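Structural features, examined
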Amino acid sequence: MEDHTVVRTALRLVIERQYDMRVVGEAASGEQAITKAQALKPDVVVMDVLLPGMDGAEATERICRTVPETRVVALTMCEEESWLRHVLLSGASGYVLKRSSATELCQAIRTVAAGGVYIDPYLAPRLVDSFLGVSKHPAGPPDDLSDREKAVLQLIALGYTHREIAHILCLSQKTVDTYRARIAEKLGSSRRVALVRYALSKGLLSEQALSTLPIGKRCGRRGPGWRKKPRR
């Protein structure tokens, strides 16, 4: 939802060029976004944070509360600590900067539509600590999470699927499912958004913490977007 017609038109063109996406509605204000979401119940709402009247964060909170099956991706120029925290805690499942590519936005939409959480790659290593008020030397992981559980939690927070996590950590998918269940039991929630918030608050997504993960280094992993080419 975006208050500038030209920007909305550009977003529509980007989204409708995707084989698996369709635009079902548009809105120019937070109030309109809530009304449209309640009527249309879309899988994903792309929400501008800065809207006239009701801001995008408040609209996001209302949508997440009244249409829980709809996920929200915040699209904004804002990199300030207050807005990042405000929008995430309002229930947004994705946060993408407007200066990011169309590919990043589409990836964010697909990720949250599949039940994941997407944070702009520029923000994750540089601004996570800042916007959650974590110090430059964050406290270590909680004592009741094992090192393996911590690694699984970090990868879940980054938006990897259980199958991808199993590949990265050289585990079976059933083992990853077991770790996920243990993490959910210890933290008191199985929702991805809650797990992401916890990981962020504990500094598990800081650049230093993520540097210990074997992403791209084991089992032939080539990154989150890699897929084996089909045989011809």
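Going by the structure above, here's the rest.
Everything in this summary refers to the structure shown in the same document. Predicted model only: the values in this text are computed from it and were never measured.

**With respect to the sheet that holds strand 1 (residues 44–48)**
Sheet architecture is open: four strands sit in the order 1-2-3-4, paired in parallel fashion. Across the chains shown, the open sheet's two edge strands, defined by having one partner strand only, are strand 1 and strand 4 (118–119). With two bridges joining them, strand 3 (residues 94–97) and strand 4 adopt parallel strand pairing. Each bridged residue has a counterpart across the sheet, and for Gly-94 the counterpart in strand 4 is Tyr-118.

**Here we look at the side chain of Ser-90**
You can see Ser-90 is positioned in the loop between helix 4 (81–89) and strand 3. Here Ala-57 takes part through its backbone oxygen, which lies 3.4 Å from a polar atom of the side chain of Ser-90. For Ser-90, the residues in contact, after removing those within four places along its chain, are Ala-57, Thr-60, Glu-61 and Cys-64.

**Points about the pairing of strand 3**
Burial along strand 3 is two-sided: Gly-94 and Val-96 facing one way and Tyr-95 and Leu-97 facing the other are all buried. Across four bridges, the pairing between strand 2 (residues 71–76) and strand 3 is parallel. Each bridged residue has a counterpart across the sheet, and for Ala-74 the counterpart in strand 3 is Tyr-95. Traced from strand 3 through helix 5 (residues 102–113) to strand 4, the parallel crossover comes out left-handed.

Reading the values: the criteria
Residues numbered from 1 in each chain as written. Predicted model: local features only at pLDDT ≥ 70, side-chain atom pairs only at ≥ 80, totals over all residues. Heavy atoms only, no water. Pairing = 2+ DSSP bridges. Helix = DSSP H or I, 4+ residues; strand = E, 2+ residues; numbered from the N terminus. Polar contact = N/O pair within 3.5 Å; in protein donor to acceptor, adjacent residues only side chain to side chain. Contact = heavy atoms within 4.5 Å. Buried < 20%, exposed > 50% of the residue type's maximum accessible area, 1.4 Å probe, protein only. Right-handed = clockwise from strand over helix to strand, strands pointing away.

Spatial relationships are all this shows, so hold off on functional conclusions.
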